[in-house]
Amino acid sequence: MTEFTMTIDGSAATPEAYFDVVDPATARVLAQAPDCTPRQLDAAMAAAAGAQPAWSRDERGRRHALNEAAAVIEAHAGRLAALVTAEQGKPLAQARDEVMASAVWLRHYAQMELPHEIVQDDDEGYAEIVARPLGVVAAIAPWNFPVVLAVWKIAPALLAGNTVVLKPSPYTPLATLHLGELLRTCLPAGVLNVISGRDPLGASMTAHPVPRKISFTGSTATGRRVAVAAAGDLKRVTLELGGNDPAIVLPDAEPEEFAASLVRSAFVNSGQVCFAVKRIYVPAERHDAWVQALTVHAAALRVGAGHDDQVEMGPLSNRAQLDRVTALVDDARARGALVATGGAPLAGEGYFYAPTVLAGAADGMPVVDEEQFGPVLPVVAYRNPGDAVAAANASAYGLTASVWSPDTDRAAGLARSLDCGQVSLNAHGAGVRPDLPFGGSKASGIGRENGRWGLEEFTQLQVFTRPPKA
Ligand code: NAD
């Protein structure tokens, strides 16, 4: 078995304990990851704090290091992608896309200007606003996109002059640990520390006195705990949490035109995407036509282990997620929804669930009201588009949404009344890019990642004034 090491103060930390990492395609132990001890957590925090002042003074060095990190990731994309597939389950091509996207994000931030404004420079005086780093950032990542979602935090945090202690999910620590190993060559010691451990390690990070900021991506339930823990000493938080993202198809939208794209947006990464389509609202008179078109595309998805290059959809990432999706679909069936395709785990080893379309689903069913985070698409009929918008907005979540129609002017009117962080027409998640802010309203989180807005979350403003020059 390959040895994976934590990176603390630029070096491999000697493991004192381990935990198992399971391959979701086989349900068998794939590797062991180091289980960070309290002493090692303190060492990582101390290393980050020690490295931060010099790092914050070297803007040129930071930009250079981010570009170098991008190049290192590209050079090792094959190995990183193979690790993502092995520990998370997604098809290898998608794992590679995730890894390559990380390099794009690093380069994007490497050239981004830091917020800075001269408000006054005249006979009366001089006033300038600069964005200073916060200090040490604790970055906590989920298991669905382990590498790129970590880089969404690392890139802006480092550019702004912070140093980072990063913790991946215990389900998917391997690619992130390897990333830490690779980046030892291009980042000064202590600037990026990568530690791994079970969930309590996340709680210890949020309670730790050193970090001034928690950047968290994960479930809403854990996000609430992070907010409570951060409140004690008023750490800043960015919380990227769950979504229950609606797609609303208007009466003039043709199933043949849009069904393939909707199915891709619902089933990519086995539906384990915070901004995946998780419920679709269709006009009641076209419900059956939509179910049929969606079913054709969902049933055609090739499901299997991610390292097989014919495969389009891998397993669910872990046993708990498989059990949750199974229970939600069984419950929907008991409440009267009809399984148009799928509806059960696949026989054999691993955490596979058949791509599932549920006809006759309704608001009030947990499979519609909650974030399923699995390959399940409930189809809900509406009487008029305004009802669909009201149902979409009634959710506790507000991450992304989409409206589908050939009449984009009409669709835009409806789209603008949706309460969420991003809304797209005739596509879903089209605004998830390095230059646009990503994040949600309500229970989907606090703050934004990406673009200059994501950078600002890792800074604090300082006003500098002086008398006019003589
Ligand atoms: P999770 O909340 O179970 O875990 C996320 C991370 O938090 C893990 O690293 C975990 O170890 C850590 N953690 C657990 N308990 C903690 C605690 N008390 N304090 C601090 N950290 C703790 O989430 P998950 O199951 O890994 O991820 C799936 C969820 O993430 C879904 O709800 C999904 O929608 C959400 N997500 C959101 C976004 C977004 O950008 N909005 C992106 C991806 C995933």
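Reference entry: report on the structure contained in this document. (Residues numbered from 1 in each chain as written. Predicted model: local features only at pLDDT ≥ 70, side-chain atom pairs only at ≥ 80, totals over all residues. Heavy atoms only, no water.)

**Quick word on the packing of aromatic side chains**
The condition is simple: Ring pairs are drawn from Phe, Tyr and Trp, using the six-membered ring of Trp, whenever the two centres fall within 6.5 Å, and their geometry is named by plane angle: stacked under 30 degrees, edge-to-face over 60, tilted for the rest. The helix count covers DSSP runs of H or I at least four residues long, the strand count covers runs of E at least two residues long, and both are numbered beginning at the N terminus. Only protein chains enter the calculation, and the probe is 1.4 Å; a residue is then buried if its accessible area is under 20% of its type maximum, exposed if over 50%, and partly exposed in between. For a Lys NZ or an Arg CZ to count as sitting over a ring, it must be within 6 Å of the ring centre and within 35 degrees of the ring normal.
Going through the model one piece at a time under the given rule, you end up with six aromatic pairs. Judged by centre distance (6.2 Å) and plane angle (75 degrees), the ring pair of tyrosine 126 and phenylalanine 464 falls under edge-to-face. On the criterion of sequence distance, the pair formed by tyrosine 126 in strand 6 (residues 125-133) and phenylalanine 464 in strand 22 (residues 459-466) is long-range, its members being 338 residues apart. Exposure remark for tyrosine 126: the relative accessible area of 10% places this residue in the buried category. When the ring of tryptophan 143 is compared with that of phenylalanine 373, the centres are 5.4 Å apart and the planes differ by 70 degrees; the resulting orientation is edge-to-face. Here the residue tryptophan 143 occupies a position in the loop between strand 7 (136-140) and helix 5 (146-159), and phenylalanine 373 occupies one in the loop between helix 12 (366-369) and strand 16 (376-382), the gap between them amounting to 230 residues. The ring of phenylalanine 458 carries lysine 213 above its face, with NZ or CZ at 5.2 Å from the centroid.

**With respect to the packing of helix 9 (residues 255-267) against helix 10 (residues 287-299)**
Put simply, the rule reads: Here the axes come from fitting lines to C-alpha atoms, over the contacting stretch only for helices, and the angles between their N-to-C directions go from 0 to 180 degrees. Here the angle decides the label: under 35 degrees means roughly parallel, over 145 means roughly antiparallel, 65 to 115 means roughly perpendicular, and every other value means oblique. Crossing handedness is defined as follows: a turn of the near helix away from the far one that is anticlockwise and smaller than a right angle gives a left-handed crossing, while the clockwise case is right-handed. The contact definition used throughout considers only heavy atoms, calling two residues in contact when any of these lie within 4.5 Å. Nonpolar residues are Ala, Val, Leu, Ile, Met, Phe, Trp, Tyr, Cys and Pro. Charged residues are Asp, Glu, Lys and Arg, and all others, Gly as well, are polar.
Taken N-terminus to C-terminus, the directions of helix 9 and helix 10 make an angle of 55 degrees; their axes are 9 Å apart at the nearest point. One element, helix 9, and the other, helix 10, form an angle in the oblique class. Of the two elements, helix 9 crosses helix 10, and the hand of that crossing is right-handed. Seen from helix 9, the contacting residues are Pro255, Phe258, Ala259, Ala260, Leu262, Val263 and Phe267; seen from helix 10, they are Ala289, Trp290, Ala293, Leu294, His297 and Ala298. Of the residues belonging to the contact of helix 9 with helix 10, the class tally is twelve nonpolar, one polar and no charged.

**Focus on the pattern of salt bridges**
Using the following cut-off: A carboxyl oxygen of Asp or Glu within 4 Å of a side-chain nitrogen of Lys or Arg is what we treat as a salt bridge.
Within the structure shown, the criterion is met by 19 salt bridges. One salt bridge connects aspartate 323 with arginine 319, and the closest N-O pair in it is separated by 3.5 Å. Of this pair, aspartate 323 and arginine 319 are both found in helix 11 (residues 319-334), four residues apart, which corresponds to roughly one turn of the helix. On the basis of relative accessible area, aspartate 323 is assigned to the partly exposed category, the value being 39%.

**Regarding unusual backbone geometry**
With a phi angle near 55 degrees, aspartate 9 is a residue other than glycine that sits in the positive phi range. If you trace the backbone, aspartate 9 turns up in the loop between strand 1 (6-8) and strand 2 (11-13). Positive phi is not limited to glycine here, since phenylalanine 373 has a value of about 55 degrees. For phenylalanine 373, a relative accessible area of 13% puts it in the buried group.

**Considering the sheet that holds strand 6**
Operational definition: Any two strands with at least two DSSP-identified bridges between them are counted as paired.
Read from one edge of the open sheet, three strands run 5-6-22, paired in antiparallel fashion. Single-partner strands in this sheet number two, and they are strand 5 (116-122) and strand 22. Strand-to-strand twist in this sheet, taken as the mean axis angle between neighbours without regard to direction, amounts to 15 degrees. In the sheet, strand 5 pairs with strand 6 via six bridges, with the strands oriented antiparallel. By the bridge assignment, aspartate 121 is partnered in strand 6 with tyrosine 126.

**Points about the pairing of strand 12 (residues 245-249)**
Note the cut-off: Handedness of a crossover is defined as follows: with both strands directed away from the viewer, a clockwise route from the first strand across the helix to the second makes it right-handed.
Counted residue by residue, strand 12 has five buried out of five residues, so it is predominantly covered. Residues Asp245, Ala247 and Val249 point to one face of strand 12 and Pro246 and Ile248 to the other, with burial holding for every one of them. In this sheet, strand 13 (residues 277-283) lies alongside strand 12 in parallel orientation, the contact comprising four bridges. Bridge pairing in strand 13 links aspartate 245 to valine 277. Handedness of the β-α-β unit built from strand 12, helix 9 and strand 13 comes out right-handed.

**Topic: the packing of helix 3 (residues 77-88) against helix 4 (residues 92-110)**
Helices that pack against each other are described as a pair by the angle of their axes relative to one another and the distance between those axes. Two elements in contact, helix 3 and helix 4, have axes whose closest approach is 8 Å; the angle formed by their N-to-C orientations is 125 degrees. By the criterion of interaxial angle, the relationship of helix 3 to helix 4 is oblique. Crossing angle aside, the handedness with which helix 3 passes helix 4 is right-handed. Here Ala77, Gly78, Leu80, Ala81, Ala82, Val84 and Thr85 of helix 3 come into contact with helix 4, specifically with Leu92, Ala95, Arg96, Glu98, Val99 and Met100. Here the contact of helix 3 with helix 4 is built from residues that sort into nine nonpolar, two polar and two charged.

**Side note on the site of the ligand**
Just so we agree on the cut-off: Residues are classed as near a molecule or strand on a simple rule: at least one heavy atom within 4 Å of it. Residues adjacent in sequence count toward polar contacts only when both atoms are side-chain atoms; beyond that, a polar contact is any pair of N or O atoms within 3.5 Å, and within protein one must be able to donate a hydrogen and the other to accept it. For every domain, the bounds stem from an assignment made automatically or drawn from a database.
Near the ligand lie 29 residues; those nearest to it are Ala141, Lys167, Asp199, Ser219 and Glu371. Separating an oxygen atom of the ligand from a side-chain N or O atom of tryptophan 143 is a distance of 2.9 Å. Serine 219 is positioned such that a nitrogen or oxygen atom in its side chain is 2.7 Å from an oxygen atom of the ligand. Among the secondary structure elements, those contributing two or more residues to the shell around the ligand are helix 7 (199-207), strand 10 (213-217) and helix 8 (220-231). Of the residues in the shell around the ligand, the class split is 15 nonpolar, nine polar and five charged. Taken domain by domain, the makeup of the shell around the ligand includes at least three residues from each of domain 1 (6-241 + 444-466) and domain 2 (245-433).

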